[in-house]
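# Inside the fold
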Amino acid sequence: MERAACKRELEAGIKVFGIPFFKKVWKGRSLVKIEKLSPAFKDYLWGGTKLREDYGKSSTCEKVAESWEISCHPDGPSFIAEGEQEGMPLEDYIAEHREAILGEQGSRYASFPILCKFIDAKQKLSIQVHPDDAYAKAAGMDNGKTELWYIVECDEDAYIYFGVNRDMTKEEFKRRIEENTVLEVLNKVPVHKGDYFLVEAGTIHAIGAGIIIYEIQQNSNCTFRVYDYDRRDADG
């Protein structure tokens, strides 16, 4: 590829959060190589088809709920998409170039510390919460999970749930879960294209219907579901 074309492609990738599409491998301050990644796809029941139809994701899933753009997580690793190392898991690639990718302090991390994904919420997601690092480690689970949401696009009346709307006791919250009235005490927030939210571990939350989100999160897949609208399977 000619240098000018390569620069345009890189800049285009950066404009739509290029980290998932391109991994920049540095040696000192010199750009050594740009690797394009192949994502992992998830066909959760609440997903839609926009990631395939509007965002060019090549997936055979009927629903493309999530596209894990850059991931070393075993539940959905991404791979080198082309070149001599095509098909290599990203985790293996990082192992070969650890300092170049993670820097001089990269030895602190057992694996790449973040996971980046697109989310197409055609339907609303469950009310959920993620543990922090201490709880996750004590329970023998993944890392904790703090995440950042960027609203790429959304319907006019789209919303999320973010925290609670008033103080309450642990006993009341437990009772509301048991009675399926927990939505009454959640903070419902209208969203617009370009909004972003830092969802810290321990924050009860949910993505509403009609939203495309770009999420940067800890490398974890730990989720506790509080309420899921009485859904049982892909058919409701």
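Described below are features of the structure shown in this document.

### Overview of the side chain of Glu-69
Assignment of secondary structure puts Glu-69 in strand β4 (residues 66–70). Using a relative accessible area of 1% as the deciding quantity, one classes Glu-69 as buried. Separated by 2.8 Å, the side chains of Glu-69 and Lys-57 make a polar contact. Among the polar contacts made by the side chain of Glu-69, one reaches the side chain of Ser-67 at a distance of 2.5 Å.

### Observations concerning the packing of aromatic side chains
Tallied over the entire structure, the rule returns 7 aromatic pairs. Note on Tyr-135 and Phe-224: the rings are 6.1 Å apart at their centroids and 85° apart in plane angle, and the pair reads as edge-to-face. One end of the pair, Tyr-135, is in helix α5 (residues 133–138); the other, Phe-224, is in strand β14 (residues 224–227), with 89 residues separating them in the sequence. An angle of 50° between the planes, with centres 5.9 Å apart, marks the rings of Phe-162 and Phe-197 as tilted. Separated by 35 residues along the polypeptide, Phe-162 in strand β9 (residues 159–164) and Phe-197 in strand β11 (residues 196–199) bring together distant segments of the chain. What makes Phe-197 buried here is its relative accessible area of 13%. In this structure an aromatic cluster arises from ring pairing among Tyr-55, Phe-118 and Tyr-214. Across the ring face of Trp-68, the terminal group of Lys-42 is positioned such that the distance to the ring centre comes to 4.7 Å.

### Observations concerning the pairing of strand β6 (residues 114–121)
Burial of β6 is extensive: 7 of the 8 residues sit out of reach of the surface. Alignment of β4 against β6, held across 4 bridges, turns out to be antiparallel. Note that in β6 the partner of Trp-68 across the bridge is Lys-117. Sheet topology note: the β6/strand β13 (residues 211–218) ladder contains 8 bridges and is antiparallel. Considered in β13, the bridge of Leu-115 is made with Gln-217.

### A word on the pattern of salt bridges
Per the counting criterion, the structure on display carries 10 salt bridges. Among the salt bridges present, the one from Lys-117 reaches Glu-215, with a minimum N-O distance of 3.9 Å. Of the two residues, Lys-117 sits in strand β6 while Glu-215 sits in strand β13, which places them 98 residues apart along the sequence. Here Lys-117 matches Glu-215 in class, with each residue buried. Between Glu-179 and Arg-175 there is a salt bridge, with the nearest N and O atoms lying 3.2 Å from each other. Here Glu-179 pairs with Arg-175, and both are found in helix α6 (residues 170–179), just 4 residues apart, close to one helical turn. Several salt bridges share partner residues, and in doing so they unite Arg-166, Glu-172, Arg-176 and Glu-184 into one network.

Each value, and the rule that gives it
Residues numbered from 1 in each chain as written. Predicted model: local features only at pLDDT ≥ 70, side-chain atom pairs only at ≥ 80, totals over all residues. Heavy atoms only, no water. Helix = DSSP H or I, 4+ residues; strand = E, 2+ residues; numbered from the N terminus. Buried < 20%, exposed > 50% of the residue type's maximum accessible area, 1.4 Å probe, protein only. Polar contact = N/O pair within 3.5 Å; in protein donor to acceptor, adjacent residues only side chain to side chain. Phe/Tyr/Trp six-rings, centres within 6.5 Å; stacked < 30°, edge-to-face > 60°. Lys NZ or Arg CZ within 6 Å of the ring centre and 35° of its normal. Pairing = 2+ DSSP bridges. Salt bridge = Lys/Arg side-chain N within 4 Å of Asp/Glu carboxyl O.

Interpretation note: all reported values are geometric properties and have no functional meaning in isolation.
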